[in-house]
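Overview (structure and organization)
Here are the chains, one letter per residue:
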Amino acid sequence: MEKPAAAGGNPVRETKLYYGHQYIDETDVQAVSEVLRNGDLTCGPKVNALEKRLCELTGAKYAVVCSNGTAALHIAALAAGLGEGDELITTPITFAASANCALYCGAKPVFADINPRTYNIDPKCVREKITDRTKAVVAVDYTGQAVELDALLALCREKGLLLIEDAAHSIGTKYNGKPVGSIADLTTFSFHPVKTVTGGEGGAVLTNSAQLYEKLLLYRSHGITRKDDLLERKPHGAWYYEQIDLGYNYRITDIQCALILSQLDKLSLFSQRRKEIVEQYNKAFLSCPELFVQEEIPASDTTRHLYILRIVPEKLTIDRKGFFEALAAENICCNVHYIPVYWHPYYEKLGYKKGICPHAEKLYTEMMSLPLYYGLTDKDVEDVITAVKKIVAYYRI
């Protein structure tokens, strides 16, 4: 039996392979250079062009682009009416921003457990957490797989709640043939460098509601408007504007928008390659009883942002930490997404305790994110599979 590098063997590769990386080509460079040369660095035509493109891509009626995915969640929560004393239900297996957006508004995050096979928030658990203070649900398309939108929308309609789909992972994903972005009341995107499409940073909120759209525009830019129908006083002149609400400076630059527009031209390529890599991983790992492969609901045609390797501890003499370190010794550098939000010290100080969502907590102790991005070669993918199988073979019970 070949020894893993952690046990004294040779690593499968000489160079390090990381879990995520952006792909930038010459067309991206040219798109950014064009903006730098024409002088419209912010509040220029690329902002509107990106918003129009996102609507065309998803079928949503309105799009508001902003500085990052966290800002997108914040203004979505504000537009949904979250305020002091309200509650927002979300998943603990997500980046903290999905819950923090409630705190920003003075509301309380409430955590609902996940489906232990798909890892997405469980609609049945959401129902159990609803109170008379609940105002919205933030459902996260974890790894890129769409949440059970039909069930969640039906529940939200029944209870008079707004559904915010945190689609930071899922641009390019379709649900029952319909692109993510046009289904929930509000959908947020992120364009962070490890996401499928990047602007360096950047975010967006999409909606089909004209009323929510107008609120998003205000919250993105200081609560300031120049629109005649929103002004409360007679204009002093052509320069006139009013602050009519408390908003934020969450604007995005034309530089970022130009890069995102160029990246969107490659979305189908990015999506196809990610699907190919996921298929190769699934084929390799489904036959290993020591590993559990994330299940996908039939309704989701997924462009996957993360590939989760989940170990079955009862069948191995090594735990997740040991497996993670053994992969690193093979020069396969993984990550873990995510520590349950309410395990963080800040949330502990707010009174949250372990044990709220047992399925989510168990998943955290058993999972890690393998390399998944457009630039991976077939040899890179083969190296990842070889390293995983070598470790499994050596440490299996």
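**A closer look at the sheet that holds strand S15 (residues 307-311)**
Backbone-to-backbone hydrogen bonds pair the strands of a sheet. The strands run either parallel or antiparallel. Spatial ordering of the open sheet is given by S13-S15-S17, a layout of 3 strands whose pairing is antiparallel. Both edges of this open sheet fall to strand S13 (291-293) and strand S17 (367-370), since each of them pairs with a single strand only. If you compare each strand with its neighbour and ignore which way they point, the axes differ by 35° on average. As defined by bridge partners, S13 adjoins S15 across 3 bridges and the pair is classed as antiparallel. Pairing of Leu291 across the sheet is with Ile311, part of S15. Contacting S13, S15 and S17, helix H9 (residues 267-285) crosses the sheet at an angle of about 15° to S15.

**Thoughts on the environment of His222**
Summarising the element assignment, His222 is placed in the loop between helix H7 (210-220) and strand S11 (224-225). Residue classification places His222 among the partly exposed residues on the basis of a relative accessible area of 29%. With 28 residues separating them along the chain, His222 and Tyr250 place their C-alpha atoms 8.3 Å apart. The residues contacting His222, other than those within four sequence positions of it, are Gln243, Asp245, Leu246, Gly247, Tyr248, Asn249 and Arg251.

**Here's the deal with helix H12 (residues 358-366)**
Here H12 has its buried residues at Ala360, Glu361, Leu363, Tyr364 and Glu366. Against S15, helix H10 (320-329) and S17 lie the buried residues of H12.

**Here we look at the sheet that holds strand S6 (residues 162-166)**
Taken in spatial order, the 7 strands line up as S2-S10-S9-S6-S5-S3-S4 in an open sheet, and their pairing is mixed. Since the sheet does not close on itself, it has two edges, and those belong to strand S2 (62-66) and strand S4 (108-111), each with one partner. If you compare each strand with its neighbour and ignore which way they point, the axes differ by 20° on average. Here 5 bridges tie strand S5 (residues 134-140) to S6, and the two strands are oriented parallel to one another. Residue pairing for S6: Val137 is matched across the bridge by Leu163. Contacts between helix H3 (residues 69-79) and the sheet are confined to S2, S5, S6, strand S9 (186-190) and strand S10 (203-207), with S9 contributing the most and set at about 165° to the helix.

**Some details on the packing of H3 against H7**
Interhelical geometry of H3 versus H7 gives an angle of 130° and a closest axis separation of 9 Å. Between H3 and H7, the crossing angle belongs to the class labelled oblique. When the axes of H3 and H7 are compared, the crossing they make is right-handed. Seen from H3, the contacting residues are Ile75, Ala76, Leu78 and Ala79; seen from H7, they are Leu212, Lys215, Leu216, Tyr219 and Arg220. Taken together, the residues of the contact of H3 with H7 break down into 7 nonpolar, no polar and 2 charged.

**Some words on the nonpolar core**
The biggest cluster of nonpolar side chains holds 45 residues, and the ones touching the most others in it are Leu54, Leu163 and Phe189. Elements that contribute at least two residues to this core include exactly helix H2 (45-58), S2, helix H5 (123-129), S5, helix H6 (149-159), S10, helix H8 (254-264) and H9. Per-element tally for this core: the top contributor is H6, with 5 residues. Not counting the four nearest positions on each side in its chain, Leu163 is found in contact with Val137, Ala139, Leu149, Leu152, Leu153, Cys156, Ala184, Asp185 and Leu186.

**Some thoughts on helix H1 (residues 26-38)**
Residue pairs spaced three or four apart in an α-helix point in one direction, given the helix's 3.6 residues per turn. For H1, with 13 residues, the first-to-last C-alpha span of 18 Å sits near the 18 Å given by 1.5 Å per residue. Elements in contact with the buried residues of H1: H2 and H8.

**Some thoughts on the packing of aromatic side chains**
Counting across every chain of the model gives 19 aromatic pairs. The interplanar angle of 70° and the centroid separation of 4.8 Å between the aromatic rings of Tyr23 and Tyr374 together place this pair among those described as edge-to-face. Residue Tyr23 is located in the loop between strand S1 (17-18) and H1, and its partner Tyr374 is located in the loop between S17 and helix H13 (378-395); the two are separated by 351 residues in the primary sequence. Classification of Tyr374 by relative accessible area gives partly exposed; the value is 25%. We note Arg320 situated over the ring of Tyr364; from NZ or CZ to the ring centre the distance is 4.6 Å.

**Section: the side chain of Asp185**
Residue position: Asp185 is located in the loop between strand S8 (178-179) and S9. Engagement of the side chain of Asp185 in a polar contact is seen with the side chain of Arg157, the distance being 2.8 Å. Filtering out sequence-adjacent residues up to four positions away, Asp185 remains in contact with Arg157, Leu161, Leu162, Leu163, Leu206, Thr207, Asn208 and Leu212.

**Overview of the packing of H2 against H8**
Look at H2 against H8: their axes get within 8 Å of each other, and the N-to-C directions meet at 30°. If you check the angle between H2 and H8, you find them roughly parallel. Crossing angle aside, the handedness with which H2 passes H8 is left-handed. On H8, the residues that touch Pro45, Lys46, Val47, Ala49, Leu50, Arg53, Leu54 and Leu57 of H2 are Asp254, Cys257, Ala258, Ile260, Leu261 and Leu264.

**Concerning the side chain of Asp380**
On the secondary structure map, Asp380 appears in helix H13. The residues contacting Asp380, other than those within four sequence positions of it, are Arg13, Leu17 and Gly375.

**Here we look at the pattern of salt bridges**
A complete count under the given rule lists 24 salt bridges for this structure. The closest approach of N and O atoms between Asp383 and Arg13, which form a salt bridge, is 2.9 Å. With Asp383 in helix H13 and Arg13 in the segment before S1, the pair connects residues that are 370 residues apart, well separated along the chain. What makes Asp383 buried here is its relative accessible area of 6%. With a closest N to O distance of 2.9 Å, Asp265 and Arg53 form a salt bridge.

Parameters at a glance
- Residues numbered from 1 in each chain as written.
- Predicted model: local features only at pLDDT ≥ 70, side-chain atom pairs only at ≥ 80, totals over all residues.
- Heavy atoms only, no water.
- Pairing = 2+ DSSP bridges.
- Helix = DSSP H or I, 4+ residues; strand = E, 2+ residues; numbered from the N terminus.
- Axes fitted to C-alpha atoms, helices over the stretch in contact; angles between N-to-C directions.
- Contact = heavy atoms within 4.5 Å.
- Buried < 20%, exposed > 50% of the residue type's maximum accessible area, 1.4 Å probe, protein only.
- Parallel < 35°, antiparallel > 145°, perpendicular 65-115°, else oblique.
- Left-handed = near helix turned anticlockwise from the far one by under 90°.
- Nonpolar A, V, L, I, M, F, W, Y, C, P; charged D, E, K, R; others polar.
- Core = buried A, V, L, I, M, F, W, Y, C linked by side-chain atoms within 4.5 Å.
- Expected span 1.5 Å × (residues − 1).
- Phe/Tyr/Trp six-rings, centres within 6.5 Å; stacked < 30°, edge-to-face > 60°.
- Lys NZ or Arg CZ within 6 Å of the ring centre and 35° of its normal.
- Polar contact = N/O pair within 3.5 Å; in protein donor to acceptor, adjacent residues only side chain to side chain.
- Salt bridge = Lys/Arg side-chain N within 4 Å of Asp/Glu carboxyl O.

Remember that the coordinates give geometry; whether it matters functionally is a separate question.
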